[in-house]
Amino acid sequence: MRLLLDIVSILLIVAAFLLVWGRWHESRSLFVPSAEHEHSPQDYSLKPEEVWLASGGGGEKIHGWYFAANRKSSTILYVHGNAGTIADRLAVIKGYIESGYNVFIFDFRGFGKSDGKPDRKSFVQDTFTAYDYLTKSRGAAASDIVLLGQSLGGAAALKLANAKECRAVILEGTFYSIRQVARDIYPNIPIWLLASSYFDNSREVKKLAVPLLLIHGENDEVTPYYHSEMLFKDARKPKEFINIKGSDHTGMYIVNPAQYYGTIGRFIEGAQK
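Rules used throughout
- Residues numbered from 1 in each chain as written.
- Predicted model: local features only at pLDDT ≥ 70, side-chain atom pairs only at ≥ 80, totals over all residues.
- Heavy atoms only, no water.
- Helix = DSSP H or I, 4+ residues; strand = E, 2+ residues; numbered from the N terminus.
- Buried < 20%, exposed > 50% of the residue type's maximum accessible area, 1.4 Å probe, protein only.
- Contact = heavy atoms within 4.5 Å.
- Areas by Shrake-Rupley, 256 points an atom, 1.4 Å probe, with all protein chains shown as cover.
- Pairing = 2+ DSSP bridges.
- Arc of directions from axis to C-beta.
- Expected span 1.5 Å × (residues − 1).

### Some remarks on the overall build of the chain
Then, number 1: Helix and strand content of the chain: nine helices and 10 strands.
Then, number 2: Considering the chain as a whole, with its 273 residues, one finds that 49% of them fall into the buried category.
Then, number 3: Excluding contacts between residues fewer than 6 apart, the proportion of contacts in the chain whose partners are at least 24 apart in sequence is 72%.
Then, number 4: About 13000 Å² of surface is accessible on the chain, with carbon and sulfur atoms providing 54% of the total.

### Points about unusual backbone geometry
Then, number 1: Following Lys-237, the chain continues into Pro-238 via a peptide bond in cis, with omega recorded as 0°.
Then, number 2: Along the polypeptide, Pro-238 turns up in the loop between helix H7 (226-234) and strand S10 (239-244).
Then, number 3: Of note, the phi angle at Ser-45 is positive, near 60°, even though the residue is not glycine.
Then, number 4: Tracing the backbone shows Ser-45 in the loop between strand S1 (32-33) and strand S2 (49-54).
Then, number 5: Relative accessible area serves as the criterion here: at 64%, Ser-45 is assigned to the exposed category.
Then, number 6: Phi is positive for Ser-151, close to 55°, though the residue is something other than glycine.
Then, number 7: Mapped onto the fold, Ser-151 is located in the loop between strand S7 (145-150) and helix H4 (153-161).

### As for the pairing of strand S4 (residues 75-79)
Then, number 1: The buried fraction of S4 amounts to five of the five residues, a majority that puts the element mostly inside the structure.
Then, number 2: Of the two faces of S4, the one carrying Thr-75, Leu-77 and Val-79 and the one carrying Ile-76 and Tyr-78 are both buried.
Then, number 3: As defined by bridge partners, S4 adjoins strand S6 (residues 102-106) across four bridges and the pair is classed as parallel. Directly across from Thr-75, in S6, lies its bridge partner Asn-102.
Then, number 4: Pairing analysis gives five bridges linking S4 to S7, with the strands arranged parallel. When the bridges of S7 are listed, Leu-77 appears paired with Leu-147.

### Re the environment of Lys-206
Then, number 1: Residue placement: Lys-206 occurs in helix H6 (residues 201-207).
Then, number 2: Not counting chain neighbours up to four residues away, the residues in contact with Lys-206 comprise Asp-234 and Arg-236.

### Here's the deal with H7
Then, number 1: Of the residues making up H7, those classed as buried are His-227, Ser-228 and Leu-231. One side of H7 holds all its buried residues, which, seen down the axis, span an arc of 95°.

### Some points on helix H3 (residues 120-137)
Side chains of residues three or four places apart in an α-helix project in the same direction, reflecting 3.6 residues per turn.
Then, number 1: With 18 residues, H3 should reach 26 Å at 1.5 Å per residue; the first-to-last C-alpha distance of 25 Å fits that figure.
Then, number 2: Looking only at H3, the buried set comprises Ser-122, Phe-123, Val-124, Asp-126, Thr-127, Thr-129, Ala-130, Tyr-131, Tyr-133 and Leu-134.
Then, number 3: Where the residues of H3 are buried, they touch S2, strand S3 (61-67), S4, S6, S7 and H4.
Then, number 4: Within two residues after H3, Gly-139 carries a phi angle of roughly 70°, on the positive side.

### Here's the deal with the environment of Ser-55
Then, number 1: Inspection of the secondary structure assignment puts Ser-55 in the loop between S2 and S3.
Then, number 2: Between the C-alpha atoms of Ser-55 and Thr-129, which are 74 residues apart in sequence, the distance is 6.2 Å.
Then, number 3: Not counting residues within four places of it along the chain, the set of residues in contact with Ser-55 comprises Glu-60, Ile-62, Arg-109, Gln-125, Asp-126 and Thr-129.

Set out below in C-alpha coordinates:
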(Lines give C-alpha, C1' and ligand atoms only; values in the text may rest on other atoms or scores of the structure.)
Protein backbone atom coordinates (compact mmCIF):
# COMPACT_ATOMS: atom_id res chain seq x y z
CA MET A 1 0.00 0.00 0.00
CA ARG A 2 2.82 2.33 0.92
CA LEU A 3 4.53 1.66 -2.41
CA LEU A 4 1.32 2.43 -4.28
CA LEU A 5 0.96 5.75 -2.46
CA ASP A 6 4.56 6.62 -3.28
CA ILE A 7 4.01 5.85 -6.96
CA VAL A 8 0.84 7.97 -7.03
CA SER A 9 2.66 10.85 -5.33
CA ILE A 10 5.48 10.70 -7.86
CA LEU A 11 3.02 10.64 -10.76
CA LEU A 12 1.18 13.67 -9.35
CA ILE A 13 4.46 15.57 -8.96
CA VAL A 14 5.48 14.71 -12.52
CA ALA A 15 2.04 15.74 -13.82
CA ALA A 16 2.22 19.05 -11.94
CA PHE A 17 5.71 19.70 -13.30
CA LEU A 18 4.62 18.95 -16.85
CA LEU A 19 1.60 21.23 -16.53
CA VAL A 20 3.71 24.12 -15.21
CA TRP A 21 6.31 23.53 -17.92
CA GLY A 22 3.60 23.37 -20.57
CA ARG A 23 2.06 26.70 -19.56
CA TRP A 24 5.51 28.33 -19.36
CA HIS A 25 6.41 27.02 -22.81
CA GLU A 26 3.05 28.14 -24.17
CA SER A 27 3.50 31.68 -22.85
CA ARG A 28 7.02 31.96 -24.28
CA SER A 29 5.79 30.70 -27.64
CA LEU A 30 2.72 32.93 -27.75
CA PHE A 31 4.41 36.28 -27.28
CA VAL A 32 7.46 37.40 -29.26
CA PRO A 33 7.49 41.15 -28.65
CA SER A 34 9.70 43.68 -30.42
CA ALA A 35 10.63 47.08 -29.06
CA GLU A 36 12.03 48.86 -32.10
CA HIS A 37 9.98 50.55 -34.79
CA GLU A 38 11.55 49.62 -38.10
CA HIS A 39 9.20 51.95 -40.00
CA SER A 40 7.47 55.24 -39.33
CA PRO A 41 4.14 56.62 -40.54
CA GLN A 42 6.06 59.20 -42.54
CA ASP A 43 7.57 56.37 -44.59
CA TYR A 44 4.05 55.78 -45.93
CA SER A 45 2.97 59.43 -46.08
CA LEU A 46 0.68 58.91 -43.09
CA LYS A 47 0.04 61.36 -40.26
CA PRO A 48 -1.64 59.60 -37.33
CA GLU A 49 -2.57 60.98 -33.96
CA GLU A 50 -0.28 59.48 -31.32
CA VAL A 51 -2.22 57.95 -28.44
CA TRP A 52 -1.19 56.84 -24.95
CA LEU A 53 -3.69 54.91 -22.84
CA ALA A 54 -3.54 53.71 -19.25
CA SER A 55 -4.32 50.00 -19.19
CA GLY A 56 -4.60 47.51 -16.38
CA GLY A 57 -4.78 49.82 -13.38
CA GLY A 58 -1.09 49.49 -12.56
CA GLY A 59 0.07 52.75 -14.08
CA GLU A 60 1.27 51.09 -17.28
CA LYS A 61 0.44 52.71 -20.60
CA ILE A 62 -0.01 51.33 -24.08
CA HIS A 63 0.91 53.21 -27.24
CA GLY A 64 -1.15 53.50 -30.39
CA TRP A 65 -1.87 55.45 -33.57
CA TYR A 66 -5.24 56.77 -34.69
CA PHE A 67 -5.64 57.38 -38.41
CA ALA A 68 -8.62 59.56 -39.37
CA ALA A 69 -9.85 58.97 -42.90
CA ASN A 70 -13.45 60.12 -42.56
CA ARG A 71 -15.14 60.91 -39.27
CA LYS A 72 -18.43 59.62 -40.62
CA SER A 73 -16.88 56.33 -41.74
CA SER A 74 -16.53 53.03 -39.93
CA THR A 75 -13.49 52.55 -37.75
CA ILE A 76 -11.30 49.46 -37.92
CA LEU A 77 -9.83 48.47 -34.58
CA TYR A 78 -6.76 46.51 -35.68
CA VAL A 79 -5.62 43.89 -33.15
CA HIS A 80 -2.24 42.64 -34.32
CA GLY A 81 -0.56 39.31 -33.72
CA ASN A 82 2.05 37.95 -31.35
CA ALA A 83 5.17 39.49 -32.90
CA GLY A 84 6.44 42.80 -34.20
CA THR A 85 4.91 46.20 -33.49
CA ILE A 86 2.29 48.56 -34.89
CA ALA A 87 4.98 49.95 -37.19
CA ASP A 88 5.14 46.63 -39.02
CA ARG A 89 1.47 46.98 -39.99
CA LEU A 90 1.68 50.43 -41.59
CA ALA A 91 1.65 49.11 -45.15
CA VAL A 92 -1.58 47.17 -44.77
CA ILE A 93 -3.17 49.97 -42.73
CA LYS A 94 -2.53 52.47 -45.50
CA GLY A 95 -4.84 50.39 -47.70
CA TYR A 96 -7.67 50.58 -45.16
CA ILE A 97 -7.29 54.34 -44.94
CA GLU A 98 -7.26 54.71 -48.72
CA SER A 99 -10.48 52.66 -48.72
CA GLY A 100 -12.04 55.36 -46.54
CA TYR A 101 -11.89 53.80 -43.09
CA ASN A 102 -10.59 55.24 -39.85
CA VAL A 103 -8.07 52.94 -38.18
CA PHE A 104 -6.84 52.58 -34.63
CA ILE A 105 -3.93 50.27 -33.93
CA PHE A 106 -2.11 49.78 -30.65
CA ASP A 107 0.76 47.82 -29.17
CA PHE A 108 0.03 45.48 -26.30
CA ARG A 109 2.00 45.79 -23.11
CA GLY A 110 5.58 44.73 -23.76
CA PHE A 111 5.40 45.56 -27.48
CA GLY A 112 6.89 48.61 -29.17
CA LYS A 113 6.70 51.73 -26.99
CA SER A 114 4.10 50.28 -24.62
CA ASP A 115 4.99 49.65 -20.99
CA GLY A 116 5.08 46.35 -19.16
CA LYS A 117 5.37 42.74 -20.24
CA PRO A 118 2.94 40.67 -22.29
CA ASP A 119 0.79 37.89 -20.92
CA ARG A 120 -2.57 36.37 -21.81
CA LYS A 121 -4.60 38.57 -19.47
CA SER A 122 -3.00 41.88 -20.47
CA PHE A 123 -3.21 40.93 -24.15
CA VAL A 124 -7.00 40.82 -23.91
CA GLN A 125 -7.29 43.65 -21.40
CA ASP A 126 -5.37 46.03 -23.65
CA THR A 127 -7.75 45.24 -26.51
CA PHE A 128 -10.69 46.25 -24.31
CA THR A 129 -8.81 49.44 -23.39
CA ALA A 130 -8.42 50.28 -27.08
CA TYR A 131 -12.14 49.73 -27.65
CA ASP A 132 -13.03 51.98 -24.71
CA TYR A 133 -10.80 54.69 -26.13
CA LEU A 134 -12.74 54.65 -29.40
CA THR A 135 -16.18 54.65 -27.82
CA LYS A 136 -15.56 56.89 -24.81
CA SER A 137 -12.75 59.26 -25.79
CA ARG A 138 -13.35 59.57 -29.53
CA GLY A 139 -17.11 59.14 -29.38
CA ALA A 140 -17.22 56.44 -32.03
CA ALA A 141 -20.51 54.59 -32.23
CA ALA A 142 -20.07 50.95 -31.24
CA SER A 143 -22.11 49.97 -34.30
CA ASP A 144 -19.46 51.62 -36.50
CA ILE A 145 -16.52 49.69 -35.06
CA VAL A 146 -15.14 46.72 -36.98
CA LEU A 147 -12.76 44.44 -35.07
CA LEU A 148 -9.94 43.07 -37.21
CA GLY A 149 -7.89 40.41 -35.45
CA GLN A 150 -4.72 39.28 -37.17
CA SER A 151 -3.34 35.86 -36.15
CA LEU A 152 -3.22 35.74 -32.33
CA GLY A 153 -5.02 39.09 -32.32
CA GLY A 154 -8.08 37.22 -33.52
CA ALA A 155 -8.39 35.58 -30.09
CA ALA A 156 -8.60 38.95 -28.33
CA ALA A 157 -10.93 40.34 -31.00
CA LEU A 158 -13.36 37.45 -30.51
CA LYS A 159 -13.39 37.87 -26.74
CA LEU A 160 -14.07 41.57 -27.19
CA ALA A 161 -16.83 41.01 -29.75
CA ASN A 162 -18.60 38.61 -27.39
CA ALA A 163 -18.51 41.16 -24.56
CA LYS A 164 -19.06 44.50 -26.34
CA GLU A 165 -21.13 45.79 -29.23
CA CYS A 166 -19.49 46.14 -32.64
CA ARG A 167 -20.50 46.10 -36.29
CA ALA A 168 -18.56 43.05 -37.43
CA VAL A 169 -15.46 40.91 -36.93
CA ILE A 170 -12.69 40.11 -39.41
CA LEU A 171 -10.28 37.28 -38.59
CA GLU A 172 -7.09 37.06 -40.60
CA GLY A 173 -4.93 33.94 -40.35
CA THR A 174 -6.39 33.08 -36.97
CA PHE A 175 -6.01 29.67 -35.33
CA TYR A 176 -8.78 27.32 -34.19
CA SER A 177 -7.41 26.82 -30.67
CA ILE A 178 -4.07 26.67 -28.89
CA ARG A 179 -4.57 22.95 -28.43
CA GLN A 180 -5.02 22.49 -32.16
CA VAL A 181 -1.84 24.49 -32.77
CA ALA A 182 -0.03 22.16 -30.36
CA ARG A 183 -1.30 19.19 -32.37
CA ASP A 184 0.11 20.76 -35.53
CA ILE A 185 3.54 21.36 -34.00
CA TYR A 186 3.80 18.06 -32.12
CA PRO A 187 1.70 15.60 -34.15
CA ASN A 188 3.22 12.52 -32.51
CA ILE A 189 3.42 13.76 -28.91
CA PRO A 190 0.30 14.64 -26.83
CA ILE A 191 1.66 18.06 -25.84
CA TRP A 192 -1.80 19.48 -26.54
CA LEU A 193 -2.95 17.95 -23.25
CA LEU A 194 -0.78 20.54 -21.46
CA ALA A 195 -2.13 23.48 -23.44
CA SER A 196 -4.56 25.94 -21.91
CA SER A 197 -8.05 26.62 -23.21
CA TYR A 198 -7.79 30.39 -22.67
CA PHE A 199 -7.46 31.19 -26.37
CA ASP A 200 -10.06 28.72 -27.59
CA ASN A 201 -11.36 30.49 -30.70
CA SER A 202 -13.57 27.51 -31.56
CA ARG A 203 -15.57 28.23 -28.40
CA GLU A 204 -15.70 31.99 -28.93
CA VAL A 205 -16.70 31.89 -32.60
CA LYS A 206 -19.77 29.79 -31.79
CA LYS A 207 -21.06 32.61 -29.57
CA LEU A 208 -20.43 35.40 -32.06
CA ALA A 209 -23.61 37.32 -32.91
CA VAL A 210 -22.29 39.75 -35.54
CA PRO A 211 -21.22 39.23 -39.17
CA LEU A 212 -17.89 37.42 -39.54
CA LEU A 213 -15.33 37.50 -42.33
CA LEU A 214 -12.50 34.96 -42.31
CA ILE A 215 -9.46 35.64 -44.49
CA HIS A 216 -6.63 33.14 -44.86
CA GLY A 217 -3.60 32.75 -47.06
CA GLU A 218 -3.56 29.45 -48.95
CA ASN A 219 0.16 28.94 -48.22
CA ASP A 220 0.11 30.09 -44.59
CA GLU A 221 3.14 28.50 -42.94
CA VAL A 222 2.29 29.73 -39.42
CA THR A 223 -1.38 28.88 -39.06
CA PRO A 224 -2.46 26.17 -41.50
CA TYR A 225 -5.31 27.08 -43.80
CA TYR A 226 -7.65 24.47 -42.35
CA HIS A 227 -7.92 26.39 -39.06
CA SER A 228 -10.09 29.04 -40.74
CA GLU A 229 -12.09 26.33 -42.46
CA MET A 230 -12.91 24.86 -39.06
CA LEU A 231 -13.76 28.25 -37.57
CA PHE A 232 -16.02 29.00 -40.53
CA LYS A 233 -17.84 25.71 -40.03
CA ASP A 234 -18.48 26.49 -36.34
CA ALA A 235 -19.53 30.12 -36.80
CA ARG A 236 -23.10 31.33 -37.06
CA LYS A 237 -24.45 33.15 -40.10
CA PRO A 238 -23.90 35.70 -41.53
CA LYS A 239 -20.37 34.61 -42.31
CA GLU A 240 -17.94 34.68 -45.21
CA PHE A 241 -14.63 33.00 -45.94
CA ILE A 242 -12.09 33.96 -48.60
CA ASN A 243 -8.94 32.19 -49.65
CA ILE A 244 -6.05 34.35 -50.86
CA LYS A 245 -4.29 31.98 -53.21
CA GLY A 246 -0.51 32.10 -53.17
CA SER A 247 -0.35 34.08 -49.93
CA ASP A 248 1.51 33.28 -46.73
CA HIS A 249 0.55 34.32 -43.18
CA THR A 250 0.83 38.08 -43.54
CA GLY A 251 1.13 38.92 -47.24
CA MET A 252 -2.50 38.68 -48.32
CA TYR A 253 -2.81 42.39 -49.03
CA ILE A 254 0.34 42.21 -51.19
CA VAL A 255 -0.44 39.03 -53.15
CA ASN A 256 -3.94 40.12 -54.17
CA PRO A 257 -4.76 43.64 -52.98
CA ALA A 258 -7.89 43.91 -55.11
CA GLN A 259 -9.40 40.78 -53.59
CA TYR A 260 -8.19 41.58 -50.08
CA TYR A 261 -9.29 45.21 -49.79
CA GLY A 262 -12.26 44.75 -52.07
CA THR A 263 -13.69 41.94 -49.96
CA ILE A 264 -13.12 43.84 -46.71
CA GLY A 265 -14.80 46.97 -48.07
CA ARG A 266 -17.82 45.08 -49.38
CA PHE A 267 -18.10 43.10 -46.15
CA ILE A 268 -17.99 46.18 -43.91
CA GLU A 269 -20.59 48.04 -45.93
CA GLY A 270 -22.81 44.96 -46.06
CA ALA A 271 -22.58 44.51 -42.29
CA GLN A 272 -24.50 47.70 -41.55
CA LYS A 273 -27.36 47.11 -39.17
